[in-house]
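Residue-level listing of the chains:
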Amino acid sequence: MSSRAFITGISGLGLTDDERGFLRESRPWGFILFKRNVDNPAQLAGLVQQLRAEIGQPDAPVLIDQEGGRVQRLGPPHWPVYPRGAVFSAIYDIDSQLGLAAARLSARLIAADLYDLGITVDCLPLADVPVAGADAVIGDRAYGTEPAKVAAIARAVTEGLEQGSVLPVLKHIPGHGRATADSHFRLPTVDTPRDELERTDFAAFQPLADLPMAMTAHVVFSALDPAQPATTSATIIDQVIRKRIGFQGLLMSDDVSMNALEGTIADRTRASLAAGCDVVLHCNGKLDEMRQVAAEATELTGLALQRAEAALASRKPPQPFDRRAARAELETLIVRAGMSA
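Analysis parameters
Residues numbered from 1 in each chain as written. Predicted model: local features only at pLDDT ≥ 70, side-chain atom pairs only at ≥ 80, totals over all residues. Heavy atoms only, no water. Helix = DSSP H or I, 4+ residues; strand = E, 2+ residues; numbered from the N terminus. Buried < 20%, exposed > 50% of the residue type's maximum accessible area, 1.4 Å probe, protein only. Polar contact = N/O pair within 3.5 Å; in protein donor to acceptor, adjacent residues only side chain to side chain. Axes fitted to C-alpha atoms, helices over the stretch in contact; angles between N-to-C directions. Parallel < 35°, antiparallel > 145°, perpendicular 65-115°, else oblique. Contact = heavy atoms within 4.5 Å. Nonpolar A, V, L, I, M, F, W, Y, C, P; charged D, E, K, R; others polar. Core = buried A, V, L, I, M, F, W, Y, C linked by side-chain atoms within 4.5 Å. Salt bridge = Lys/Arg side-chain N within 4 Å of Asp/Glu carboxyl O.

K.L.:
Run through the side chain of S253, naming residues and quoting values.
P.N.:
Inspection of the secondary structure puts S253 in strand β12 (residues 250–255). The class of S253 is buried, set by a relative accessible area of 0%. Only 3.0 Å separates the side chain of S253 from the backbone nitrogen of L281, close enough to count as a polar contact.

K.L.:
Give a detailed account of the packing of helix α1 (residues 17–26) against helix α2 (residues 41–55), specifying residues and quantitative values.
P.N.:
For any two helices packed against each other, the geometry comes down to the angle between their axes and how far apart the axes lie. The interhelical angle for the contact between α1 and α2, taken along N-to-C directions, is 50°, at an axis separation of 7 Å. Taken as axis vectors, α1 and α2 run oblique relative to one another. Along the contact surface, α1 presents R20, L23 and R24, while α2 presents Q50, L51, E54 and I55. Counted by class, the contact of α1 with α2 contains three nonpolar, one polar and three charged residues.

K.L.:
Pulling in residues and values, what's your account of unusual backbone geometry?
P.N.:
A cis geometry characterises the amide bond from L124 onward to P125, with omega recorded as 15°. Assignment of secondary structure puts P125 in the loop between β6 (121–122) and α5 (147–163). Here the amide bond leading from K171 into H172 is cis, since omega sits at -5°, within 30 degrees of zero. Relative to the helices and strands, H172 resides in strand β8 (residues 170–173). Backbone geometry at R27 places phi at a positive 55°, although glycine is not the residue there. Take R27: it is sitting in the loop between α1 and β2 (28–33). Residue S165 is not a glycine yet carries a positive backbone phi of 70°. Structurally, S165 is set in the loop between α5 and β7 (167–168). S165 gets classed as buried once you look at its relative accessible area, which sits at 4%.

K.L.:
Residues and numbers for the environment of M290, please.
P.N.:
Position of M290 among the secondary structure elements: in helix α10 (residues 287–296). Expressed as a C-alpha distance, the spacing of M290 and V279, which sit 11 residues apart in the sequence, is 14 Å. The residues contacting M290, other than those within four sequence positions of it, are T8, G9, F22, H282 and G285.

K.L.:
Would you mind going over the nonpolar core in detail, with residue names and values included?
P.N.:
Core analysis: the largest hydrophobic core is formed by 109 residues, its most contacted members being L33, L44, I119 and M213. Per-element tally for this core: the top contributor is helix α4 (residues 96–117), with 10 residues.

K.L.:
Describe in detail the pattern of salt bridges, supporting the description with residues and values.
P.N.:
The full count for this structure, using the stated rule, is 25 salt bridges. With its nearest N and O atoms 3.4 Å apart, the salt bridge here joins R73 to D65. Given the relative accessible area of 22%, R73 is considered partly exposed. Across the pair K243 and D238 runs a salt bridge, and its minimum N-O distance is 3.3 Å. Among the residues examined, K243 registers a relative accessible area of 56% and is labelled exposed. Take D238: its relative accessible area is 31%, and that puts it in the partly exposed class. When salt bridges with common partners are traced through the structure, they connect D65, E67, R73, R141 and K171 into a single cluster.

K.L.:
Go over the side chain of K171 with me, naming the residues and quoting the values.
P.N.:
Along the chain, K171 falls in strand β8. Within polar-contact distance, the side chain of K171 engages the side chain of D65 at 2.8 Å. Of the polar contacts made by the side chain of K171, one reaches the backbone oxygen of C123; its length is 2.8 Å. Residues contacting K171, with those up to four places away along its chain left out, are D65, E67, C123, P125, L126, A127, D128, R141, F205 and M215.

Right, here's the structure in full:
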């Protein structure tokens, strides 16, 4: 059965009758979960199964943002708190190999949690490179301020997820670190010259161009396209993301319900797909908006379908893993660095 080019959230802990009907009719490619969808492990695992059953796709991707720190949809009492990105950056500065090991371990532990629930995709790692004066929306989520270091830690996080049979989503391409506003609330504009963007922001993403999926940034880069943010800019997607950075995997928009984008939800969906996003992400679980997205989302065909299939096919079985030993090792590394999660 074919799918349409969007990923959707839902409103609560279980599916309503209206949501069931919507999912059966609209056939989204995948789903994304938030805290409003989470109560306990049994409930969440059951919800994941229900989502896939409604569209008749047992391997449909189910996504979540489980970074650690302040962006963590699963938390106590059922799931542990994981370190924010800045912790790995600090350990890396003491000993780069220990920093990479800590990042890999944390991601592997996150993957084990997600695998138990049937969640197959984590919106992680970040390759955003923050600068002084930028909005704190990235802040301590980042792995540092040097592109090579950010890319190295992001690669270690990717390895940890993949070892646990969870697919990574690289974000926020081509970079959100310079944004002076939180794109959840308004559209940021970055006026940095292109050569500086290439030296810093883009340079962090280039070593990660082989990742199976990436998420766009709702950011205007005036040196590249003064009129459109990356999500809806054909110029940025083609010339920067696809060619300059070299990313050839599945490209999804960031959440089209965020206030950074203009127009109706239908307008935003059309613009994202027309610019070159393969799939559109809609997160807030509002059924009237979900219907607008579905009405504009095209069938997944051609190159977008090939990328989607390749992304799912890249998922490997989990490698052997001692969760207790890994958690103890991670805690030891954090303490050695004089950090807290």
